[in-house]
Amino acid sequence: MFGKGLIKGLQITWKEFWAPKLTVQYPDEQHTVPERFHGRFVLDVDKCIACGLCANACPNKVISLQKQKVGKKQFMTDYVMKVQYCLFCGLCVEACNKDALHFSKDFNMNQYFYKNIPLVLVKREAPAEPLEEEEPAAKAGDKEKPKPKPKAKAQKPAEPAAQPEVAAGKASDKEGQ
Ligand code: SF4
Ligand code: SF4
């Protein structure tokens, strides 16, 4: 009985000694990060509509966002994630119906000071007035679409009215002839 466990342990040590080494000399060497890795969050501000679905989906209340109404649109002014409470579950990313919130492969999110841990993805001032570039383009787009419809409708009744005139003209021509 005595010494049996020792032999077993040495057998495992001998086996592992010759097995391929899995240790990586980080940070000089790094493992390949999988495609679906849940790393640092990335927000595409151009796609985000400040709807707040991601914040509502979060079970730990990690996301806090602030928005301001500019014209008819909501303008995101602040988007902060307290990642120290994050589970990296991905519910917020799934909840985003604009595909604006993503995980990146960046796993190195350590900070020296605690106050630097929250991830500030957006911090900006809202414009005083709606952006001029978007509105005329949107208005022009709106005007272009309904225009053809009234024209098409207006043309149809005009045709039968024109026909009697032409007919009358033809009749008068015939009378004149
Ligand atoms: S990954 Fe999960 S815990 Fe982290 S912010 Fe998104 S919903 Fe909240
Ligand atoms: S759910 Fe998506 S679009 Fe809505 S506030 Fe969050 S990131 Fe922006």
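Residues numbered from 1 in each chain as written. Chains lettered and ligands numbered in written order. Predicted model: local features only at pLDDT ≥ 70, side-chain atom pairs only at ≥ 80, totals over all residues.

An unreviewed UniProt entry annotates the protein as NADH-quinone oxidoreductase subunit I of Desulfotruncus arcticus DSM 17038.

K.L.:
Explain the site of ligand 1 residue by residue, including any values.
P.N.:
Taken together, 13 residues form the shell around ligand 1, and within it Cys58, Val62, Cys86, Cys89 and Cys92 come nearest. Looking at the shell around ligand 1 residue by residue, the class counts come to 11 nonpolar, 2 polar and no charged. (Near = placed C-beta within 6 Å. Nonpolar A, V, L, I, M, F, W, Y, C, P; charged D, E, K, R; others polar.)

K.L.:
Tell me about unusual backbone geometry, residues and numbers included.
P.N.:
Cis geometry is found at the peptide bond from Tyr26 to Pro27, where omega equals 5°. Relative to the helices and strands, Pro27 is located in the loop between helix H1 (4-18) and strand S1 (41-43). Backbone geometry places Lys61, a non-glycine residue, at a positive phi of 55°. Here Lys61 falls in the exposed class, since 10 other C-beta atoms lie within 10 Å of it. In this structure, Asp99 is a non-glycine residue whose phi angle is positive, near 55°. In this fold, Asp99 is placed in the loop between helix H3 (91-95) and strand S4 (101-103). Exposure remark for Asp99: the 10 C-beta atoms within 10 Å place this residue in the exposed category. (Helix = DSSP H or I, 4+ residues; strand = E, 2+ residues; numbered from the N terminus. Buried ≥ 20, exposed ≤ 12 C-beta atoms within 10 Å, placed from the backbone.)

K.L.:
Any details on the site of ligand 2? Residues and values, ideally.
P.N.:
Taken together, 13 residues are adjacent to ligand 2, and Cys48, Cys51, Leu53, Cys54 and Cys96 come closest. Counted by class, the shell around ligand 2 contains 11 nonpolar, 1 polar and 1 charged residues.

K.L.:
Could you give me a rundown of the confidence of the model for the protein, with the residues and numbers involved?
P.N.:
With 73% of its residues at a pLDDT of 70 or more, the protein has an overall mean of 81. When the criterion is pLDDT under 50, residues 137-145 qualifies, and its contacts beyond four places in sequence or with other chains add up to 0 contacts. Low confidence marks residues 151-177, where pLDDT is under 50. Its contacts with residues over four positions away, or in another chain, come to 0 contacts. (pLDDT = per-residue confidence, 0-100. Contact = placed C-beta atoms within 7 Å.)

K.L.:
I'd love a proper account of the pairing of strand S2 (residues 63-70), names of residues and values included.
P.N.:
Pairing between S2 and strand S3 (residues 73-81): 8 bridges, direction antiparallel. Residue pairing for S3: Ile63 is matched across the bridge by Met81. (Pairing = 2+ DSSP bridges.)

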